[in-house]
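The chain contents come next:
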Amino acid sequence: NAGVTQTPKFQVLKTGQSMTLQCAQDMNHEYMSWYRQDPGMGLRLIHYSVGAGITDQGEVPNGYNVSRSTTEDFPLRLLSAAPSQTSVYFCASSPTYQMNTEAFFGQGTRLTVV
Amino acid sequence: GDSVTQMEGPVTLSEEAFLTINCTYTATGYPSLFWYVQYPGEGLQLLLKATKADDKGSNKGFEATYRKETTSFHLEKGSVQVSDSAVYFCALSDVGNTGKLIFGQGTTLQVKP
C-alpha cells in the first residue's frame, strides 16, 4: 500500500539548474497538491490540481511549474533553481477537494540550492 | 485572508504530563479544522479533525474542540508519551471547496522519559 510516493528524497542543485520532483499516488485521488515547508512558516501551497488536465496556482507559485496528465502523477518542475527555493517539498493527495477531506502526504523531498 | 496561528515552540514535557498546544484561526465562513502530526523524517499525517462548531475531534488520546466563539482549536492530551515527540500542525480548509489547506507554523513537542 504505497500511498503517496515522492522522489528523490534528497537533492542538491546549483543555482540556475532545473529539475523535476516526482509525485505519484495509487489511491485514485482526484486532488493533488504541492507544499513547501520552511522553518517557522508551516507549509505553504505552491500548486494544486483538482483532476487530470487541471492545475492552478497556490500561495507561492513563482519559479515552479506543474502538469497533471494522469490521475496518478503530479510532477513539480523547478525552472531555474535559486537559493530561496531551498526547502522541504511535500506532495499531498485527497479523495476530493471538499473542505472536510483528509490529505495524505508523501515523505518529502529535501532540496538544497547552492 | 485566512490564517492559522499556533503557540511558539518547542514544548518540552516529561512523560505523563498534560499537553496543550494552542491554535487560533481567522477565516471567512466556517472552515473545517485539522491537526496534523509529523514524526521525524516522515510526511504529515492526519491526527484529528472537526468539521463544524462544537465538534470534538479525537484520536490516540488527543482531543481538540472546534470553538467558533473564540476561533480556536486547541490540542490536548492528558498524559504524553515519549513516542508523541513530533511536530504538530494546526490547519484549516479553504471554505471555497478548493481543497486548499492553510497551516500554522508548527509546534515541536519533545517528551522526555
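These numbers come from a predicted model, not from an experiment.

Each value, and the rule that gives it
Residues numbered from 1 in each chain as written. Chains lettered and ligands numbered in written order. Predicted model: local features only at pLDDT ≥ 70, side-chain atom pairs only at ≥ 80, totals over all residues. Heavy atoms only, no water. Pairing = 2+ DSSP bridges. Helix = DSSP H or I, 4+ residues; strand = E, 2+ residues; numbered from the N terminus. Axes fitted to C-alpha atoms, helices over the stretch in contact; angles between N-to-C directions. Contact = heavy atoms within 4.5 Å. Salt bridge = Lys/Arg side-chain N within 4 Å of Asp/Glu carboxyl O. Polar contact = N/O pair within 3.5 Å; in protein donor to acceptor, adjacent residues only side chain to side chain. Nonpolar A, V, L, I, M, F, W, Y, C, P; charged D, E, K, R; others polar.

Peer 1: Would you explain the sheet that holds strand β1 (residues 4–7) of chain A in this entry?
Peer 2: Strand pairing in a sheet takes place through backbone hydrogen bonds and is either antiparallel or parallel in direction. All names here are of chain A. In space, the four strands of this open sheet follow the order β1-β3-β8-β7, with antiparallel pairing throughout. Bordering the open sheet on either side are β1 and β7 (64–66), each of which pairs with just one other strand. If you compare each strand with its neighbour and ignore which way they point, the axes differ by 20 degrees on average. As judged from the four bridges shared by β1 and strand β3 (residues 19–25), these two strands associate in the antiparallel manner.

Peer 1: Honestly, the interface of chain B and chain A in this entry has me stumped. Any pointers?
Peer 2: Often, the extent of an interface is quoted as the loss of accessible area upon association of its parts. Between chain B and chain A, the contact holds 25 residues from the first and 21 residues from the second. Seen at the junction of chain B and chain A, the total is zero salt bridges. Summed over the shared surface of chain B and chain A, the result is three residue pairs in polar contact (both at pLDDT 80 or more). Those elements that provide at least two residues to the side of chain B that touches chain A are β5 (33–38), β6 (44–50), β10 (86–93) and β11 (101–103) of chain B. Residues of the side of chain B that touches chain A, tallied by class, amount to ten nonpolar, eleven polar and four charged.

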